[in-house]
Amino acid sequence: MQRREFLQMLAAAAAAGLPLSRALAGQGMASDDFYALPRYGNVHLLHTTDTHAQLLPLYFREPSENIGVGAARNRPPHLVGEHLLKHFDIQADSRNAHAFSCLDFAAAAQRYGRVGGFAHLATLIKQLRAERPGALLLDGGDLWQGSATALWTQGQDMVDASKALGLDIMTGHWEFTLGADRVRDIIDNDLDGQVDFLAQNVRDSGFGDPVFEGQSLREVNGVPVAVIGQAFPYTPIANPSHFVPDWNFGIRESDLQTQIDTARKAGARVVVLLSHNGMDVDLKLASRVKGLDAIMGGHTHDGVPEAIKVKNEGGHTLVTNGGSNGKFVGVLDFDVKNGEVKGAQYRLLPVFSDLLPADRDMAALIESIRAPHADKLGETLAVTDGLLYRRGNFNGSFDQLILDALMDVKDAEIAFSPGFRWGPSLLPGDEITMEDLMAQVGITYPATTLNEMTGERIKFVMEDVADNLFNADPFLQQGGDMVRVGGLEYAISPLAKSGERISDMRLGGKPLDPAKTYKVAGWAPVGEGVEGEPIWDVVGNWLRDRKTVSPGELNQPAVLGLKNNKGLLG
Amino acid sequence: MAGRMRMRARMSGDVAEVKVLMQHPMETGQRKDSEGKPIPAHYIKEVMATLGDRTVMAAQWGAAISQNPYLSFRIKDAKKGDTVKVSWTDNKGETASTEAKIG
Amino acid sequence: MDAYRRSLLKAVGAATALAAAGMVPLRALAAMSRPEKAFEATDPQGAMTALGDSAAESDQIELETPDIAENGAVVPISVTSKLPKTTRISVLVEKNPNPMSAMFMIPEGTEPFIQTRVKVAETGNIYALVEADGKLYKASSQTKVTLGGCGG
């Protein structure tokens, strides 16, 4: 397709009221045109989220399981594989099909190459900014955590890289696991005057005073635009609360409404929530608060090609989710005339590293960040015969590898590993370097543990996590996936009541005895003062001994009671 | 024992918003110490607030109020410069009080 | 009207009059009205019964509690009553060994609003019980208490 024809098609699509992404997705676009996205309107917001400190290009497999329950069943973001392609009218085997789905992952990854990387991201952002003067760059958080260098520099590498990227506004989640003092230090000394760190939903535990600015009022091409920040509401539950002992979080819906009303009174014509709630929470929240034009969301790492329109008392709110690991940039354009939003256009652009030349300045910065750690980062621990990935409701091959290492090294019958959704994928034949391992386990509470737990307690823990994933009320979900379980076979009924989802628990073919005590290995304890060998040493040494790993079958639970759920393949 | 309380009173529109933090263990009597001995119940039972001669809040508490209790209430017909006084008494008969001018 | 409330009103009336005359310590006002039976009850129904006639559900009570407790030992709650002539606000936590947690007396001139933090033993309802114009009303809201970890 020629560029002129393409533009004509866009115009026709727009005239027909067809979302742009759908128009684009339907065409097997030539790579030259892949990033052609004509400017629309006069208020422009660019959005990255959950990059998890991935400075270099990588592979990232989207989930093959993302089960939606209750109102979330069979609607975005709970669509995987061909269900997702069909819903968003994306051509099978296309570049976009690879970006948004897990289908034929390893082969498609070879074909289309790596995604993300800050040097390539920088090129795309520059291009988008050139086309969209005045555009604001927002980051939804999980920016300062997820890599070896981010851990070893306490987030400094990402602070520097995001400033170089031209970041305007951010909020946070894993940022808080650097500890309250470090977060304060970065905000006061590094971000001051350049990047606004916003979180309307964080309060001190004394009188309940706001800890951060809640909103930022900016002018974009003469239009007053308010951005409100929403940090991950369950930070002190999902992560250790001792990192932020004096801060309380929560969704704080009524405080959010007050923020919106304040912004409108101050003259904002466009009000947007930069959210780390997770998409299901954002969809519910959008139906309850009024006066938001859009929620640009993250946390659940859902690469959703289009914005979802949610009706509410005030009209409607567009809800987006921007994927993870630097794989996407969200572009939201508003057409504001006479103080009113007349229309909006959204597209989630995949960042294909091979289509975007590296930005020279950013590449140099990344090189200087990595240089002092080059030897450690580059150590090859082992080679993988098969695909290693993490995303999925119940298990991933990289998680299985961590579980196997834990059970082996700790001589445990059962292992638990957190259902983190970050961590890049490795293709068959790839080397597993220390850097690759750290991208799966690089956290500030890395201790491994060995505990004696009764069968009853094991079930209780698994039920608790299952409810955080499958509660029909999104406000009672925490994001993240089911705890990864090694050694123990089980069945799960996502639709069952809280406390009744887990069944048929078996160890070596025998039913788990509620009264018997079992040895359970784990890592990432949320309690304070837990000591143990760091997970990267445990898994690192295990890999060094093996030299080659062959990912085999995953320990997956039998999933019961679901019919035609489009959050599962097939 | 003023050190055991912190208070803030501020006009917010035409009402005075009072926030109080009280330092107190609020033991339920159902916990045990590291040696397995029961920790006796020790909790604030009564809280009183006055504005001049006027009682503006009176509360009866059980041990389920969190450790180092927080309480906020709002007084109508108050003005800047008025003094709010808050006091508590616990189940052992200990008391504390503090006061603040409405700002 | 039940016997407890009758005696309470009498006591409050007497104490207020005496206090105004500077004749009893103001503290006595609260002391006179402690609903011991409600605090001793081991289930929410028992506590509510001890407080008076059965309470009617009301949408004029705004009870704000977190959906998930960050820390079951410190759960922020706020209650705002839009019911005219609100005189008392009580807070009960369903699954606690003694559900009755607090009773606040709201004199005229004080807004029918309280905010505090309570302990919540396990996932369950929190109740706000409001007395207005001599009648009892209630509202409830569920708070989930979870182990944590594994998110992200």
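Residues numbered from 1 in each chain as written. Chains lettered and ligands numbered in written order. Predicted model: local features only at pLDDT ≥ 70, side-chain atom pairs only at ≥ 80, totals over all residues. Heavy atoms only, no water.

### Examining the domain arrangement of chain A
Many descriptions give the size of an interface as the accessible area lost when the pieces come together. Residue and element names in this part refer to chain A. The domain architecture assigned to chain A consists of domain 1 (1-36), domain 2 (53-365) and domain 3 (379-559). Computed from C-alpha coordinates alone, the two centres of domain 2 and domain 3 are separated by 27 Å. Across the contact, 46 residues belong to domain 2 and 42 residues belong to domain 3. Carbon and sulfur atoms supply 62% of the area that domain 2 and domain 3 bury against each other, a total of about 3,700 Å² over both sides. At the junction of domain 2 with domain 3, the criterion picks out two salt bridges. Lys284 is the salt-bridge partner of Asp473, the closest N and O atoms lying 2.7 Å from each other. Our count for the domain 2 to domain 3 interface comes out at 16 residue pairs in polar contact (both at pLDDT 80 or more). Of all the secondary structure elements, the ones that give two or more residues to the side of domain 2 that touches domain 3 are α5 (105-112), α7 (148-152), α10 (235-238) and α12 (279-288). With five residues, α12 is the largest single contributor of residues to the side of domain 2 that touches domain 3. (Domains from an automatic or database assignment. Contact = heavy atoms within 4.5 Å. Buried area = accessible area lost by both parts, 1.4 Å probe. Salt bridge = Lys/Arg side-chain N within 4 Å of Asp/Glu carboxyl O. Polar contact = N/O pair within 3.5 Å; in protein donor to acceptor, adjacent residues only side chain to side chain. Helix = DSSP H or I, 4+ residues; strand = E, 2+ residues; numbered from the N terminus.)

### Digging into unusual backbone geometry
Keep in mind that most residues, glycine aside, have a negative phi and that most peptide bonds are trans. Cis geometry marks the peptide bond from A:Pro76 to A:Pro77, where omega comes out at 5°. Structurally, the position occupied by A:Pro77 is in the loop between β1 (43-48) and α3 (81-87). Positive phi, normally seen in glycine, also occurs at B:Asn68, with a value near 50°. The exposure class assigned to B:Asn68 is partly exposed, which follows from its relative accessible area of 37%. (Buried < 20%, exposed > 50% of the residue type's maximum accessible area, 1.4 Å probe, protein only.)

### Observations concerning the packing of helix α15 (residues 397-410) of chain A against helix α18 (residues 535-546) of chain A
Residue and element names in this part refer to chain A. Look at α15 against α18: their axes get within 9 Å of each other, and the N-to-C directions meet at 90°. With respect to their mutual orientation, α15 and α18 come out roughly perpendicular. Between α15 and α18, the contacting residues are Leu401, Ile402, Asp404, Ala405, Leu406, Asp408 and Val409 on the first element and Ile535, Val538, Val539, Trp542, Leu543 and Arg546 on the second. Across the contact of α15 with α18, the residue classes break down as ten nonpolar, no polar and three charged. (Axes fitted to C-alpha atoms, helices over the stretch in contact; angles between N-to-C directions. Parallel < 35°, antiparallel > 145°, perpendicular 65-115°, else oblique. Nonpolar A, V, L, I, M, F, W, Y, C, P; charged D, E, K, R; others polar.)

### Observations regarding the interface of chain C and chain A
If you look at the interface, chain C gives 16 residues, while chain A gives 42 residues. Here chain C packs against chain A, burying approximately 1,900 Å² in sum over the two surfaces, 51% of which is carbon and sulfur. In this assembly, chain C and chain A are joined by one salt bridge. The closest approach of N and O atoms between C:Lys144 and A:Asp467, which form a salt bridge, is 2.6 Å. Linking chain C with chain A are eleven residue pairs in polar contact (both at pLDDT 80 or more). Breaking the side of chain C that touches chain A down by element, the ones donating at least two residues are β3 (68-69) and β9 (135-145) of chain C. Take the side of chain C that touches chain A: its biggest share by element is three residues, from β9(C).

### Focus on the packing of aromatic side chains
Considering all chains together, one arrives at 20 aromatic pairs over all chains under this definition. Measuring from centroid to centroid gives 6.2 Å for A:Tyr112 and A:Phe352, while their planes differ by 55°, and the two rings are tilted. In this pair, A:Tyr112 is assigned in helix α5 and A:Phe352 in the loop between β14 (340-350) and α13 (360-370), connecting sequence segments 240 residues apart. Residue A:Tyr112 is classed as buried on the basis of its relative accessible area, which comes to 9%. Ring geometry for A:Phe176 against A:Phe212: centres 6.1 Å apart, planes inclined by 50°, an arrangement best described as tilted. With A:Phe176 in the loop between β3 (169-170) and α9 (180-191) and A:Phe212 in the loop between β5 (203-204) and β6 (215-220), this residue pair connects regions lying 36 residues apart in the sequence. The exposure classification of A:Phe176 matches that of A:Phe212, with both residues buried. Members of the aromatic cluster, each reached through a chain of ring pairs, are A:Trp144, A:Phe176, A:Phe197, A:Phe212, A:Trp247 and A:Phe249. Its guanidinium or amino end placed over the ring of A:Phe352, A:Arg95 lies 4.6 Å from that ring's centre, counting from NZ or CZ. Against the face of B:Tyr70 rests C:Arg117, its NZ or CZ located 4.0 Å from the ring centre. (Phe/Tyr/Trp six-rings, centres within 6.5 Å; stacked < 30°, edge-to-face > 60°. Lys NZ or Arg CZ within 6 Å of the ring centre and 35° of its normal.)

### Examining the pairing of β1(A)
All names here are of chain A. Along β1, six of the six residues are buried, which leaves the element largely enclosed by surrounding structure. Residues Val43, Leu45 and His47 of β1 are buried on one face, and the alternating residues His44, Leu46 and Thr48, pointing to the opposite face, are buried as well. As paired elements, β1 and strand β13 (residues 328-337) share five bridges and run antiparallel to each other. By the bridge assignment, Val43 is partnered in β13 with Phe334. Both β1 and strand β2 (residues 136-139) contribute to a ladder of four bridges, which runs parallel. Looking across to β2, one finds that His47 is bridged to Leu138. (Pairing = 2+ DSSP bridges.)

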